[in-house]
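What follows is the residue order along each chain.
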Amino acid sequence: MLNLLVIVMHTHLQNKPFTPTPPETDPPTDIFSEEGYTVQTPIKHPSLHTNILEPKFNGIQSDEELDLFAGKHIQPTNHTNSGALLEEEEHGDTFELNIAVTNPEKMGDGMNAFMTYKVSTQTSLPAFRSKTFSVRRRFSDFLGLYEKLLVKQSLMGCIIPPPPQKSVVGMTKVKVGKEDPSSADFVEKRRAALERYLQRVVVHPALLQDPDVQEFLEKEELPRAVNTQALSGSGFLKMINKASDAVNKMTIKMNESDNWFESKLQEVENEEQLLRRLHASFDSLVNHRKELCSSTAMFAKSVAMLGSSEENSALSRALSQLAEVEDKLEQLQQEQAFSDFFIFTELLADYVRLLGAVRGCFEQRVKAWQRWQEAQSTLQKKREAEAKLLWANKPDKLQQAKDDITEWEAKVGQSERDFERISSTLRKEVHRFEVRPETSNLLHKEKCRDFRHHIVKYLESLHRTQHRLVKCWETFLPEAKAIV
Amino acid sequence: MTSISQDGDRDKLRSVSVDLNNDTPLLIDIPDALCERDKVKFTIHTKTTLNSFQKPDFSVSRQHEDFIWLHDTLVETEDYAGLIIPPVPPKPDFESPREKMHKLGEGEATMTKEEYTKMKQELEAEYLAVFKKTVQVHEIFLQRLSSHPAFSKDRNFQIFLEYDQDLSVRRKNAKEMFGGFFKNMVKSADEVLISGVKEVDEFFEQEKTFLLDYFGKIKDATAKAEKMTRSHKNLADDYIHISATLTTIAADDNEAFKSKACISNVCVCVQKLEARVASDQELKLTELFRYYMRDIQAAKDLLYRRARALADYENSNKALDKARLKSKDVGQAEEHQQQCLQKFDKLSESGKKELTSFKARRVVAFRKNLIEMAELEIKHAKSNMSLLHACIEQLQSN
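Residues numbered from 1 in each chain as written. Chains lettered and ligands numbered in written order. Predicted model: local features only at pLDDT ≥ 70, side-chain atom pairs only at ≥ 80, totals over all residues. Heavy atoms only, no water.

As annotated in an unreviewed UniProt entry, chain B carries the name Sorting nexin and comes from Electrophorus electricus. In UniProt, chain B has this text filed under Sequence similarities (unreviewed entry): "Belongs to the sorting nexin family." The UniProt entry for chain B carries the following comment under Function (unreviewed entry): "Involved in several stages of intracellular trafficking." (UniProt positions renumbered as here; feature names shortened; annotations may be inferred.)

Naming follows an unreviewed UniProt entry, where chain A appears as Sorting nexin-1 of Electrophorus electricus. You can read under Sequence similarities (unreviewed entry) in the UniProt record for chain A the words "Belongs to the sorting nexin family."

Next comes the structure, spelled out in structure tokens:
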């Protein structure tokens, strides 16, 4: 547990904060400059209100499950630092791994087009062949990685971070080649989401050691992961599996020997539901703000037209002035939209998916328990069969029965061990997920302060907007009064 | 059933300036209205010094259909062809808030109690706003009629004001509705034909071009303004949801409680902020545009009638020429021609007066509304600023 903590904190300290800067071309030199973590701003306003969410990269590490705001780069306090260093010395190896996803590029044409992203890794881990390397990957590669990990690790009880979701609409727009801001937006969102996804994967110690992950980061060419396509055979298989899982959940009730799991699951489910709601509200907020921008722009144009056809000249001037005011308002609205938790919404979505993955792990555990129970009942049946044979005195079949029993005893033992292992790993994982480091007190207070600081900044930006509104209207007023 | 009584607020709500002389012989207002499901019953109160009325002070109850009847009879009266007839007030439309209320009811289970209450309050406020607007619009219609020298003396208008029984006799039945629809179609076809008629008077020529163009633009502006106001309202509603969810989350998590509770206060403030801006815009700007769109339509109708009269006059001229050629019914044709000429002249004269005063009226109304809107926006922005400031102080002191 301590081991995990160390690694977790150390990699965390390496990561840099995420601030919006205007997009730049990928400099050939240091891929881990600020640029690696920036988000392209959709609007090129110089006076951007700072993004109040400088999110944690490794969302898993939130101190409190719900405290998403406190994402800033953690100023390594002396306390933490020394703690980490101490641990390092004990264990003797430092490891560090930084990942960036940059440079989306469109390859191919028409409906067969796809975006590739440059995945760059910087590491000192011995497992990798070099210190710095990068490969190009496409979206289905990321999904493929997830599928592989899911199959392997879910049996162990690990929480696998889920990748960003498929989006047919978004991708079609990009494929068709529309050079409009919404598709640029979409690509940027996806890039950022993929980056966060990878960062979560590598921060998990077990996953980092997984050969599939290493291959993903290193190998030049990956075989195309076809089973991630929605309309493939495996796609259908997945759907069927999901359906049967749902049925299973409803029918079989597990005897929970350990209440901890039950209460935790409940917590996770509640939190997921709440956050889902919050995400939906924020999403709708951002969308409505954008809608308001566009309708204000249209209104401004319409008023300008009205002003131009007005015969009374003073009124005409006033109306055109009104149009200008509305236009300015629209710009203000746009800026507001950006600081309106645009990125926060993304992170919320991430977090909701993560919670879903956590829930998935709990379900895996239940399945393991079911397998164990089934093995036990089969063993029981075999034993009964043996007893019957003994009683019926059929020695030839007896040997077979005895073999069966031995086989099933082994299976029971195996599945019990599996179950125990999953349970304990799950416990650890959940703890890691909601890690509250013992050094938390200081950090925690800082986090609260940070968080409040962000809110204050947001309110101040709102305040400034109102102030500018006043100025706008005040310039309009004399024009209106001058109408004769 | 909801009822409201008009009070001093009424003046603030008025989006069109109506010139009421203080010593007017006829004062009308709508002090009260009742809303029963779909129907709104207006209480119309009249104070008069005219002898043509039986009592100096009386009230009657009228429904929207009665207003439509009144408007239609005025339109159909030949004598008023040269006047701009005030546009009929639009039907009270509670569809939108009712639909929202329905949706809210359906979604009740998914919301917290507070959220539900707040949304309900917002909806009720919206409902009330629609209600107030419709009363105001009906009132203005009557007041324009009463302040006009010709309309105030109209017999039907007096019946409308005075007859203390139900006017239900004269509602349109299906046949008349269809007839009305048909008439409208004929009219629009006619308008197209008439627009080809040569205009002799430059004043009217200018007016026609201007009004046609302006009408299109103002219609567009109204639609866009409505859309904008709607988006604004949606935005304000979102803040309610966010604030509610955050409060729920905060309740679960004690440590961040204070901060989260602060944020949800913030959200509430912001929501009020946005909602106020939206309703200001709606009231002043959108209503203004809407009203004048209808008024311009009425002015266009006047122009149409005049053009129709001109066409008739020209036709009668042609008929007269033909009659003279044939030497048949000359007298009759001459008489007809004289009538047409008279009618046309009368229309032209009163039309000119009306249109000029309309122009002046419009400019004054625009000015008033634009000033009021700007002042309201400034006032609200300033109060929002102080609200935000208070929030910031509170957060920083914690």
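Read on, since the account is not over.
(A) Highlighting the pairing of strand E3 (residues 39-48) of chain B. All names here are of chain B. Of the pairings in the sheet, the one linking strand E2 (residues 26-36) to E3 comprises 9 bridges and is antiparallel in character. Considered in E3, the bridge of Asp 29 is made with His 45. If you look at the hairpin formed by E2 and E3, you'll find 2 residues sitting between the two strands, and Arg 37 has a positive phi there, around 50 degrees. Where E3 meets strand E4 (residues 57-63), 7 bridges bridge the pair, whose relative direction is antiparallel. When the sheet's bridge partners are listed, His 45 is paired in E4 with Ser 59. (Pairing = 2+ DSSP bridges. Helix = DSSP H or I, 4+ residues; strand = E, 2+ residues; numbered from the N terminus.)

(B) A look at the interface of chain A and chain B. At the interface, 57 residues of chain A touch 63 residues of chain B. Both sides of the chain A and chain B interface together cover about 5,600 Å² of buried area, and 71% of this is carbon and sulfur. On inspection of chain A and its partner chain B, the count reaches 2 salt bridges. Between the two partners, chain A and chain B, sit 11 residue pairs in polar contact (both at pLDDT 80 or more). No other element matches helix H9 (residues 259-309) of chain A, which puts 21 residues into the side of chain A that touches chain B. Looking at side-chain class alone, the side of chain A that touches chain B contains 30 nonpolar, 13 polar and 14 charged residues. (Contact = heavy atoms within 4.5 Å. Buried area = accessible area lost by both parts, 1.4 Å probe. Salt bridge = Lys/Arg side-chain N within 4 Å of Asp/Glu carboxyl O. Polar contact = N/O pair within 3.5 Å; in protein donor to acceptor, adjacent residues only side chain to side chain. Nonpolar A, V, L, I, M, F, W, Y, C, P; charged D, E, K, R; others polar.)

(C) Geometry of helix H2 (residues 64-76) of chain B. Residues and elements named next belong to chain B. Taking 1.5 Å of rise per residue, the 13 residues of H2 would be expected to cover 18 Å, and the 19 Å separating its terminal C-alpha atoms lies within 8% of that figure. Residues of H2 that are buried include every one of His 64, Asp 66, Phe 67, Trp 69, Leu 70, His 71, Asp 72, Thr 73 and Leu 74, and no others. For H2, the secondary structure elements touched by its buried residues are E3, E4, helix H4 (113-147) and helix H5 (155-162). (Expected span 1.5 Å × (residues − 1). Buried < 20%, exposed > 50% of the residue type's maximum accessible area, 1.4 Å probe, protein only.)

(D) Spotlight on the packing of aromatic side chains. Under the counting rule described, the total for this entry stands at 19 aromatic pairs over all chains. Both rings, one in Phe 53 of chain B and one in Phe 58 of chain B, keep their centres 5.8 Å apart while their planes meet at 35 degrees; by these two values the pair is tilted. Overall, Phe 53 of chain B belongs to the buried group, its relative accessible area being 5%. Since its relative accessible area comes to 6%, Phe 58 of chain B is described here as buried. Here a set of aromatic residues connected by ring pairs shows up, and it is made of Phe 299 of chain A together with Phe 289, Tyr 291, Tyr 292, Phe 358 and Phe 366 of chain B. (Phe/Tyr/Trp six-rings, centres within 6.5 Å; stacked < 30°, edge-to-face > 60°.)

(E) Just the pattern of salt bridges, in detail. Residue and element names in this part refer to chain B. All chains considered together, the criterion is met by 27 salt bridges over all chains. Across the pair Lys 100 and Glu 126 runs a salt bridge, and its minimum N-O distance is 3.1 Å. Here Lys 100 is found in helix H3 (residues 95-106), whereas its partner Glu 126 is found in helix H4, with 26 residues between them in sequence. Overall, the relative accessible area of 14% leaves Glu 126 in the buried class. With its nearest N and O atoms 3.3 Å apart, the salt bridge here joins Asp 295 to Arg 361.

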